Amino acid sequence: MRSDGDRAPLLLRLAAAGGLVYLLAPLAIIFVYAFTTEEKSFVWPPPGLTLKWFAVAWARPDISAALLLSLQVAAVATALALVLGTLTAAAVSRTRFFGRETISLLVILPIALPGIITGIALRSAFSTFSIPFSFWTIVLGHATFCIVVVYNNAVARFRRTSASLVEASMDLGADGFQTFRHVILPNIGTALLAGGMLAFALSFDEVIVTTFTAGQQQTLPLWMLEELIRPRQRPVTNVVAMFVVAATFLPILAAFYLTRGGDEIAGSGK
C-alpha cells in the first residue's frame, strides 16, 4: 500500500500534466480536424463535424498504394532486423573476441546519427554502385535503424539470462538447435517481440531516410508530406494521420508492457 509520502509533490504533478498537454494537444487538434466539414482551410472551432472524410480516404487509390508499400517495407525491414539484430546480440553478449566493443558501437551508431546523415550516406552508396532506387533500397535504409532497436532489446535480455541454463541444457544432451528452441528463445522471446514491434513502428512512419532512398516511390508518410505541401483535401490528410498515430502508438504500447517485467535474471538461483 502506498503512503502519502510516496506521492509526488503537487508542483511536480502539475508540471508533468502540463508537459503531457503540450505534447498531446497537437494530436488532439489533428483528430478534430479529421471530422471537420471545412475542406480547404483550418477553421477553429470547426464549423461542423462529419465522417465522410473516412470514406473518401478509404476510396482513394493513392492512399491505399502508399499504405501497402509502407506495410510491406516495415514488415520486411522488421524481419531482417529480427534475424540480424538477434544474431549480433548473441555474438556480442555470449562471446568475447577482439573488437567486440567496436562492433557494438557500430551497430548502434545509425540510430544515434541524424536521419539526414544516414539518408545522404545511403544515397551516395547506391549512386556509387549504380543501384537503382526500388522497394529494396527503402528496406535497406529502414533496416539500418530497425536492427539497432532489436539489438538493444535482445542484448539486454541475453545479459539477464543466466549462462547456467545453456550449460545445463548441453549437459543434458541437447544440441545447439534444441538449446536455442527450448531454452534461449523462451527467455528472449518477449524482448524480440517488443523489439520487432518498435522496429515496425519506426519503419512505418519514417520520413527522412525514406526521402533519400525511395526514388519515385511513395510511402504513406511521404504521401502525407506531399499533401501538406500541395493539399487536395485537407481533412483526408488528418484522417491518414490518425491512422499513422494508431499504427505506431499501439506497437510501442505493446512493447512497453512486454518488457516492463524483464529486470530479473532468468535462471538465477536454480
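Quick note: structure is the one above.
Structure report, in brief.

Here's the deal with the overall build of the protein
Phase 1 of the analysis: Looking only at helices and strands, the protein features 11 helices and zero strands.
Phase 2 of the analysis: Along the protein, from the amino end to the carboxyl end, the secondary structure elements read α-α-α-α-α-α-α-α-α-α-α.
Phase 3 of the analysis: Taking all contacts inside the protein whose residues are at least 6 apart in sequence as the whole, residues at least 24 apart take part in 75%.

A word on unusual backbone geometry
Phase 1 of the analysis: You will see that Ser130, though not glycine, has its phi angle at about 55°, which is positive.
Phase 2 of the analysis: For Ser130, a relative accessible area of 63% puts it in the exposed group.

A few points about the layout of surface pockets
Phase 1 of the analysis: A volume near 270 Å³ is recorded for the largest pocket.
Phase 2 of the analysis: If you go around the largest pocket, the residues you meet are Phe54, Ala57, Trp58, Arg60, Ile63, Ser64, Leu67, Leu220, Val239, Val240 and Phe243.
Phase 3 of the analysis: Elements that contribute at least two residues to the lining of the largest pocket include exactly helix H2 (52-59), helix H3 (61-94) and helix H11 (234-259).
Phase 4 of the analysis: For the lining of the largest pocket, the per-class residue count stands at nine nonpolar, one polar and one charged.

Brief notes about the packing of helix H4 (residues 100-112) against helix H6 (residues 135-160)
Phase 1 of the analysis: Running from N to C, H4 and H6 cross one another at 120°; their axes reach a closest spacing of 7 Å. Judged by the inter-axis angle, H4 sits oblique to H6. Seen from above, H4 lies across H6 with left-handed handedness. Packed against H4, whose contacting residues are Ser104, Val107, Ile108, Pro110 and Ile111, the element H6 presents Thr144, Phe145, Ile147, Val148, Val149, Tyr151 and Asn152 at the interface.

With respect to a nonpolar patch on the surface
Phase 1 of the analysis: Where nonpolar side chains cluster on the molecular surface, the patch consists of Leu106, Leu109, Leu113, Ile116, Ile117, Ile120 and Ile208 and spans about 580 Å² of accessible area.
Phase 2 of the analysis: Contributions of two or more residues to the nonpolar patch are made by H4 and helix H5 (115-128).
Phase 3 of the analysis: The leading source of residues in the nonpolar patch is H5, at three residues.
Phase 4 of the analysis: Residue placement: Leu106 occurs in helix H4.

Here's the deal with the side chain of Asn153
Phase 1 of the analysis: Here Asn153 lies in helix H6.
Phase 2 of the analysis: Judged by relative accessible area, Asn153 falls into the buried class, the value being 17%.

Parameters and conventions
Residues numbered from 1 in each chain as written. Predicted model: local features only at pLDDT ≥ 70, side-chain atom pairs only at ≥ 80, totals over all residues. Heavy atoms only, no water. Helix = DSSP H or I, 4+ residues; strand = E, 2+ residues; numbered from the N terminus. Contact = heavy atoms within 4.5 Å. Buried < 20%, exposed > 50% of the residue type's maximum accessible area, 1.4 Å probe, protein only. 1 Å grid on protein atoms, 1.4 Å probe; cavity = no way out; pocket = protein on both sides within 12 Å on 5 of 7 lines; lining within 4 Å. Points joined across faces, edges and corners; volume = space filled by probe spheres on them. Nonpolar A, V, L, I, M, F, W, Y, C, P; charged D, E, K, R; others polar. Axes fitted to C-alpha atoms, helices over the stretch in contact; angles between N-to-C directions. Parallel < 35°, antiparallel > 145°, perpendicular 65-115°, else oblique. Left-handed = near helix turned anticlockwise from the far one by under 90°. Patch = residues over 30% accessible without salt bridge, like charges linked within 9 Å, V, L, I, M, F, W, Y side chains within 5 Å. Areas by Shrake-Rupley, 256 points an atom, 1.4 Å probe, with all protein chains shown as cover. Salt bridge = Lys/Arg side-chain N within 4 Å of Asp/Glu carboxyl O.

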